[in-house]
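# Residue-level structural notes
Spelled out, the chains give:
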Amino acid sequence: MVNASRGARGALMGSARGQKAAPPRPQSLARVARLLLLPVALSCVHHGAVEDASREGGTFPGRRVARHLQWVSGAQVPARYRRVSDTQLVGSYNILIAENGDYCVVTDWDYARTRDGQQFACEWRKPQ
């Protein structure tokens, strides 16, 4: 039975008076540090891969955007711009078309912020 004078906090702290909460264990601190640093490390690796690919003439170099195309769903996209890996199950399907005819599937955010004539680094692909 919980002593009314101790209240809920005393019940959670333990049965002995004056008992302090145990300090966090080093294992839990290490786990939290890993969880916090993992996204930072992954973004660095991805950013480095994009820079390396663009320097080596890979699939990520910036191309000048010629126009924007958007469909309400992936089912409406013409076959030449549709790939199984790119098709989204929900939401609009947005692509940018480069001056040379290559295309890039982009998010709503990139679609809205990119202007015609602007350089854009992406995984540009040839239409099928």
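Scope of this entry: the structure provided in the associated data block. It should be emphasised that the depicted structure is a prediction, and the values quoted were computed from it without experimental measurement.

Here is what the cut-offs are and how they apply
Residues numbered from 1 in each chain as written. Predicted model: local features only at pLDDT ≥ 70, side-chain atom pairs only at ≥ 80, totals over all residues. Heavy atoms only, no water. Helix = DSSP H or I, 4+ residues; strand = E, 2+ residues; numbered from the N terminus. Buried < 20%, exposed > 50% of the residue type's maximum accessible area, 1.4 Å probe, protein only. Areas by Shrake-Rupley, 256 points an atom, 1.4 Å probe, with all protein chains shown as cover. Polar contact = N/O pair within 3.5 Å; in protein donor to acceptor, adjacent residues only side chain to side chain. Contact = heavy atoms within 4.5 Å. Pairing = 2+ DSSP bridges. Axes fitted to C-alpha atoms, helices over the stretch in contact; angles between N-to-C directions. Core = buried A, V, L, I, M, F, W, Y, C linked by side-chain atoms within 4.5 Å. Phe/Tyr/Trp six-rings, centres within 6.5 Å; stacked < 30°, edge-to-face > 60°. Disulfide = S-S within 2.5 Å. Salt bridge = Lys/Arg side-chain N within 4 Å of Asp/Glu carboxyl O.

Moving on to the overall build of the protein. Per the secondary structure count, the protein includes three helices and four strands. From first element to last, N terminus to C terminus, the protein shows the α and β order α-α-β-β-β-α-β. Scored against the burial criterion, the 128 residues of the protein give a buried share of 22%. Carbon and sulfur atoms form 59% of the exposed surface of the protein, whose accessible area is close to 9,400 Å².

Relative to the elements of secondary structure, Asn94 occurs in strand 2 (residues 93-98). One polar contact links Asn94 to Ser92, side chain to side chain, over a distance of 3.3 Å. In this structure, Asn94 is in contact with Leu69, Gln70, Cys104, Val105, Val106, Thr107, Asp108 and Tyr111, ignoring residues within four places of it in sequence.

Here we take up the sheet that holds strand 4 (residues 119-121). Spatially, the four strands line up as an open sheet ordered 3-2-1-4, and their pairing is antiparallel. Each edge of the open sheet is held by one strand with a lone partner, namely strand 3 (103-106) and strand 4. Each strand of the sheet is rotated relative to its neighbour by a mean of 50 degrees, with strand direction disregarded. As paired elements, strand 1 (residues 62-71) and strand 2 share six bridges and run antiparallel to each other. Paired with Val65 across the two strands is Ala98, which belongs to strand 2.

Ranked by size, the top nonpolar core spans nine residues in total: Val65, Leu96, Ala98, Cys104, Val106, Tyr111, Phe120, Cys122 and Trp124. Looking at this core, the elements with two or more residues in it are strand 2 and strand 3. Counting eight residues, the second-largest nonpolar core is a separate cluster that includes Val77, Tyr81, Tyr93 and Ile95.

Let's shift gears to the packing of aromatic side chains. For the structure on display, the rule yields three aromatic pairs. Taken together, Trp71, Tyr81, Tyr93 and Tyr103 form an aromatic cluster joined through their ring pairs.

Take the state of the cysteines next. Taken as a whole and judged by the stated rule, the model has one disulfide. Between the sulfur of Cys104 and that of Cys122 lies a disulfide, 1.5 Å long from S to S. With Cys104 in strand 3 and Cys122 in the segment after strand 4, this residue pair connects regions lying 18 residues apart in the sequence. Accessibility assignment for this pair places Cys104 and Cys122 in one class, buried.

Let's shift gears to the environment of Arg64. Relative to the helices and strands, Arg64 resides in strand 1. Between the alpha carbons of Arg64 and Ala121 there is a distance of 9.0 Å; along the sequence they are 57 residues apart. Residues contacting Arg64, with those up to four places away along its chain left out, are Ile97, Ala98, Glu99, Gly117, Gln118 and Gln119. One polar contact links the side chain of Arg64 to the main-chain carbonyl oxygen of Gly117, over a distance of 2.6 Å.

On inspection of all chains with the given rule, the structure shows four salt bridges. Two residues, Asp102 and Lys126, come together in a salt bridge whose shortest N-O distance is 3.1 Å. Linking Asp102 in the loop between strand 2 and strand 3 with Lys126 in the segment after strand 4, this pair joins segments that are 24 residues apart in sequence. Overall, Asp102 belongs to the buried group, its relative accessible area being 3%.

By themselves these figures say nothing about function.
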